[in-house]
There are 2 protein chains.
Amino acid sequence: MTETAAARRSRITPERAAELYGAVLDLLREVGYDALTMDAVAARTKSSKATLYRQWGGKAELVAKAVRHSKPGGSLDGIDTGSLKGDLHALTRRSDDCQMERDSALMRGLAMAVHSNPDLLRAFREHLVEPELADLRRVIQRAVDRGEIRPDNPAIEFVMHMMIGGFAARTMIDEQPPTQAFLISYIDAVVLPALGAPTS
Amino acid sequence: MTETAAARRSRITPERAAELYGAVLDLLREVGYDALTMDAVAARTKSSKATLYRQWGGKAELVAKAVRHSKPGGSLDGIDTGSLKGDLHALTRRSDDCQMERDSALMRGLAMAVHSNPDLLRAFREHLVEPELADLRRVIQRAVDRGEIRPDNPAIEFVMHMMIGGFAARTMIDEQPPTQAFLISYIDAVVLPALGAPTS
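Just so it is clear, the structure is predicted and the values come from calculations on it, not from any experiment. (Residues numbered from 1 in each chain as written. Chains lettered and ligands numbered in written order. Predicted model: local features only at pLDDT ≥ 70, side-chain atom pairs only at ≥ 80, totals over all residues. Heavy atoms only, no water.)

## Details of helix H8 (residues 118-145) of chain B
All names here are of chain B.
Argument step 1. The terminal C-alpha atoms of H8 lie 37 Å apart, and with 28 residues this matches the ideal 40 Å at 1.5 Å per residue to within 8%.
Argument step 2. Within H8, the axis deviates most sharply at arginine 125, by approximately 45°.
Argument step 3. Backbone geometry just downstream of H8 places glycine 147 in the positive-phi region, at approximately 80°. (Helix = DSSP H or I, 4+ residues; strand = E, 2+ residues; numbered from the N terminus. Expected span 1.5 Å × (residues − 1). Bend = angle between axes of the 7 residues up to and from the residue.)

Structure below.
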């Protein structure tokens, strides 16, 4: 097989990648990260392990990209409402309640795996945490530029901690999955006041 | 064996309970909640399964109480500094950094188990979440009584979400375990301003 034939054979369309990511998430929910094997992904998706490794490098990368792919939007391109409150609400509304409940279950399942697999932690930071932090930073920077928040407000570096707290603590404290309505009250009651931003 | 003899035989001293709780936490770290059995606890601690069941009812209760027991203080009796800032800092200082790192690893390990075992979730709420919420509510009520925060501030119901967020998000976002210094900056930058409480 020539190099070109190999490259052609390994080319994966966006539709095919979406199918693979869906299968990876199904397997994750069924068996968890530690028991998930590239063999199982290959079998479930009728693809070759060589293709999977060529395309994604390994399990950690494949899982992080599958989770990333399941998230809505992925970019802030459409979001610029003219206020920090509007932008944070719009970010929250990118996921509907079903999506949030699924996300919350998935992230719980992965939280432990992330901490016992340094390569998964690395892939998660690269494909999930960093892009979300970058999105939040752009939203915050626009609010600073508009004069809505002071650039030296010490809460700025904790925006992601606050948001994750609201999301993750909801199930444990309230025995309910996070919803849009909950997160929007939390943004209005906690995130905006901590930042000293207008709440109305 | 008479009822009285059984009761006498099952009596467990605080020292013996502490030993048992330590062994339960060791086993939890080694094998996780799902693989932990009452047989293993009995073998490890050289106690009878009957005693364990008599004293704790079951695995969920035993694990929740072991985790509770590993937490410092457990009561706010000694904490009344005269300001919300002082009280929240004092709460944070009840755990040293080693304790927080251990707690954080343990809670990650249990987060998933809590959600797939309704009896563990119930025991956790009863022995861990509710007592901590009650502690926080008392601290907040004193701040309201002193006029430091308004009783209708909507952030009041989210204090525990904020605190858990700071604690849980630290590892994921910053790749560092939570420390006293981190939590104290977080309280000053986020929790107090969200509550509209004095920060100095």
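## Some details on the pattern of salt bridges
Opposite charge on two side chains lets them pair, provided their charged atoms get close.
Argument step 1. Evaluation of the coordinates by the stated rule reveals 24 salt bridges over all chains.
Argument step 2. The shortest N-O distance in the salt bridge between aspartate 26 of chain A and arginine 29 of chain A comes to 3.7 Å. Note that aspartate 26 of chain A and arginine 29 of chain A are positioned in helix H2 (residues 14-31) at a spacing of 3 residues, about one turn of the helix.
Argument step 3. Of the charged contacts in the structure, one is a salt bridge between glutamate 130 of chain B and arginine 125 of chain B, with a shortest N-O distance of 2.6 Å.
Argument step 4. For glutamate 130 of chain B, a relative accessible area of 32% puts it in the partly exposed group. (Salt bridge = Lys/Arg side-chain N within 4 Å of Asp/Glu carboxyl O. Buried < 20%, exposed > 50% of the residue type's maximum accessible area, 1.4 Å probe, protein only.)

## Remarks on the relation of the copies chain A and chain B
Argument step 1. Mapping chain A onto chain B leaves a residual RMSD of 0.0 Å; the transformation is a rotation of 180° accompanied by 0.0 Å of translation along its axis. Classification of the inter-copy transformation places it as that of a two-fold axis. Within chain A, glycine 165 of chain A has its C-alpha nearest the rotation axis, a separation of 1.5 Å.
Argument step 2. When the interface residues of chain A are mapped onto chain B, 100% of them again fall at the interface, so both copies present the same face. (Least-squares fit on C-alpha atoms with pLDDT ≥ 70 in both. Contact = heavy atoms within 4.5 Å.)

## Description of the interface of chain A and chain B
Argument step 1. The interface of chain A with chain B comprises 34 residues on the first partner and 34 residues on the second.
Argument step 2. In total, about 3,000 Å² of surface goes out of reach between chain A and chain B, with carbon and sulfur atoms giving 78% of it.
Argument step 3. For the chain A face of the interface with chain B, the top three residues by lost area are His161, Met172 and Ile173 of chain A, together amounting to 24%.
Argument step 4. Put simply, chain A and chain B have 0 salt bridges between them.
Argument step 5. The interface formed by chain A and chain B contains 0 residue pairs in polar contact (both at pLDDT 80 or more).
Argument step 6. Going through the elements one at a time, helix H7 (97-116), helix H8 (118-145), helix H9 (159-174) and helix H10 (180-195) of chain A are the ones with two or more residues in the side of chain A that touches chain B.
Argument step 7. Looking at the side of chain A that touches chain B, the element that brings in the most residues is H9 of chain A, giving 12 residues.
Argument step 8. Each residue belonging to the side of chain A that touches chain B can be placed in one class, and the counts come to 22 nonpolar, 7 polar and 5 charged. (Buried area = accessible area lost by both parts, 1.4 Å probe. Polar contact = N/O pair within 3.5 Å; in protein donor to acceptor, adjacent residues only side chain to side chain. Nonpolar A, V, L, I, M, F, W, Y, C, P; charged D, E, K, R; others polar.)

## Here we look at the domain arrangement of chain A
Residue and element names in this part refer to chain A.
Argument step 1. Examined at the domain level, chain A breaks down into domain 1 (1-70) and domain 2 (72-200).
Argument step 2. On a C-alpha basis, the centres of domain 1 and domain 2 stand 28 Å from each other.
Argument step 3. On the side of domain 2, 18 residues touch domain 1, which itself brings 13 residues to the contact.
Argument step 4. Summed over both partners, the interface of domain 1 with domain 2 comes to about 1,300 Å²; 64% of that surface belongs to carbon and sulfur atoms.
Argument step 5. For the pair domain 1 and domain 2, the number of links is 3 residue pairs in polar contact (both at pLDDT 80 or more).
Argument step 6. For the side of domain 1 that touches domain 2, the secondary-structure elements that each account for two or more residues are H2 and helix H5 (59-70).
Argument step 7. The dominant element in the side of domain 1 that touches domain 2, judged by the number of residues it contributes, is H5, at 8 residues.
Argument step 8. Partitioning the side of domain 1 that touches domain 2 into residue classes produces 7 nonpolar, 1 polar and 5 charged. (Domains from an automatic or database assignment.)

## Considerations on the packing of aromatic side chains
When we look at a pair of aromatic rings, we describe it by the centre distance and by the angle of the planes.
Argument step 1. Applying the stated criterion across every chain yields a total of 8 aromatic pairs over all chains.
Argument step 2. Note on phenylalanine 158 of chain A and tyrosine 186 of chain B: the rings are 5.3 Å apart at their centroids and 85° apart in plane angle, and the pair reads as edge-to-face. Within this pair, whereas phenylalanine 158 of chain A is found in the loop between H8 and H9, its partner tyrosine 186 of chain B is found in helix H10 (residues 180-195), the two belonging to separate chains. Tyrosine 186 of chain B shares its class with phenylalanine 158 of chain A; the two are buried.
Argument step 3. Among the aromatic residues, those joined into a cluster by ring pairs are Phe158 of chain A together with Phe182 and Tyr186 of chain B.
Argument step 4. The residue whose ring lies beneath lysine 59 of chain A is tyrosine 33 of chain A, and the NZ or CZ to ring-centre distance is 4.2 Å. (Phe/Tyr/Trp six-rings, centres within 6.5 Å; stacked < 30°, edge-to-face > 60°. Lys NZ or Arg CZ within 6 Å of the ring centre and 35° of its normal.)

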